[in-house]
Amino acid sequence: MTVSIIVAIGKNGEIGKGNSLLCHLPADLKHFKEITSGHTIIMGRKTFESLPSGALPNRRNIVISRNSELKLEGAEVCQSLDYAFLKLVDENEVFIIGGAQIYELALPFADRLYITKIHAAFPDADVFFPDVDFRKWKETGRTFFPADEKNLYACTFCEYQSIF
Ligand SMILES: NC(=O)c1ccc[n+]([C@@H]2O[C@H](COP(=O)([O-])OP(=O)(O)OC[C@H]3O[C@@H](n4cnc5c(N)ncnc54)[C@H](OP(=O)(O)O)[C@@H]3O)[C@@H](O)[C@H]2O)c1
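Structural notes, computed from the coordinates. (Residues numbered from 1 in each chain as written. Predicted model: local features only at pLDDT ≥ 70, side-chain atom pairs only at ≥ 80, totals over all residues. Heavy atoms only, no water.)

**Here we look at the pairing of strand β7 (residues 93-96)**
So, point 1. Because side chains alternate across β7, one face comprises the buried residues Glu93 and Phe95, and the other comprises Val94 and Ile96, equally buried.
So, point 2. Both strand β1 (residues 2-9) and β7 contribute to a ladder of 4 bridges, which runs parallel. In the sheet register, Thr2 faces β7, and the bridge partner there is Glu93. (Buried < 20%, exposed > 50% of the residue type's maximum accessible area, 1.4 Å probe, protein only. Helix = DSSP H or I, 4+ residues; strand = E, 2+ residues; numbered from the N terminus. Pairing = 2+ DSSP bridges.)

Now the structure itself:
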């Protein structure tokens, strides 16, 4: 099973504010959909709650929560990331889609990183991606996307493969 992390990060490592995303970037949402569709996605309970229409379609949704009573429409709840990985061991590639707490838990197990670098800073952000030691990662892809009338900020879609 390949464990992939997918995230959009501002210039200062920020990933969210007030339990929502930093900004609306349709180009990044399209990129996210293309990469994750047909796969299993794993997220924290707060990220699930932040989704505007609940579980994401065409993907198996797994939500991590300590609450053993929690029932969610369209998603399976697991009480730990370890348990989720055990359950998913036969899957080809699973995607960790956030938020900060779940990225922190998953980073030591990740094989791939899909990082959208947003070329802007968001001073009111309140959640951040954990520090990454890029000596342990090889860049395998990089595509620049300029700002346009629909996307207020330019971004770069980066891919990394673990070299350990
Ligand atoms: N920029 C991006 O790409 C991106 C992507 C996703 C999310 N985000 C943003 O990230 C923010 C949310 O992140 P967050 O860090 O606040 O929350 P989160 O990681 O989405 O969810 C946190 C919840 O996960 C559960 N959890 C955490 N550690 C656990 C453990 N060890 N065992 C079992 N359950 C555990 C707990 O749920 P219970 O309280 O139910 O026990 C905890 O409250 C939002 O602003 C969101 O928009 C950004």
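**Re the packing of aromatic side chains**
Ring pairs (aromatic) are described by centroid distance and by the angle formed between their planes.
So, point 1. All told, the structure shown has 6 aromatic pairs when counted by the stated rule.
So, point 2. Measuring from ring centre to ring centre gives 5.9 Å for Phe85 and Phe109, while their planes differ by 75°; the resulting arrangement is edge-to-face. Highlighted residues: Phe85 in helix α3 (residues 81-87) and Phe109 in the loop between α4 (100-106) and β8 (112-118), separated in sequence by 24 residues.
So, point 3. The exposure class of Phe109 is partly exposed, given its relative accessible area of 44%.
So, point 4. Its guanidinium or amino end placed over the ring of Phe134, Lys117 lies 5.8 Å from that ring's centre, counting from NZ or CZ. (Phe/Tyr/Trp six-rings, centres within 6.5 Å; stacked < 30°, edge-to-face > 60°. Lys NZ or Arg CZ within 6 Å of the ring centre and 35° of its normal.)

**Focus on the nonpolar core**
So, point 1. Formed by 28 residues in total, the largest nonpolar core has its most connected members in Ile5, Val7, Ile42, Ile64, Ile96, Leu113 and Phe129.
So, point 2. Going through the elements one at a time, β1, β5 (60-64), α3, β7, α4, β8 and β11 (155-162) are the ones with two or more residues in this core.
So, point 3. Once residues within four sequence positions are removed from consideration, Ile64 is found in contact with Ile42, Met43, Gly44, Arg45, Cys78, Ser80, Leu81, Ala84 and Ile102. (Core = buried A, V, L, I, M, F, W, Y, C linked by side-chain atoms within 4.5 Å. Contact = heavy atoms within 4.5 Å.)

**As for the sheet that holds strand β2 (residues 14-17)**
So, point 1. Read across the open sheet, the 3 strands follow the order β3-β2-β9; overall the sheet is antiparallel. Where the open sheet ends on each side, the last strands, each with one partner, are β3 (20-21) and β9 (127-128).

**Some details on the site of the ligand**
So, point 1. Around the ligand, a shell composed of 26 residues is seen, among which Ala8, Arg45, Thr47, Ser65 and Arg66 lie nearest.
So, point 2. Contact distances for the ligand include 2.8 Å between a nitrogen atom and a backbone N or O atom of Ala8.
So, point 3. Interatomic distance of 3.0 Å between a backbone N/O atom of Gly99 and an oxygen atom of the ligand.
So, point 4. Mapped by element, the contributors of at least two residues to the shell around the ligand are β1, β2, β3, α2 (45-50) and α4.
So, point 5. For the shell around the ligand, the leading source of residues is α4, giving 5 residues.
So, point 6. Looking at the shell around the ligand residue by residue, the classes come out as 11 nonpolar, 11 polar and 4 charged. (Near = heavy atom within 4 Å. Polar contact = N/O pair within 3.5 Å; in protein donor to acceptor, adjacent residues only side chain to side chain. Nonpolar A, V, L, I, M, F, W, Y, C, P; charged D, E, K, R; others polar.)

Don't take any of this as a statement about function, it's just geometry.
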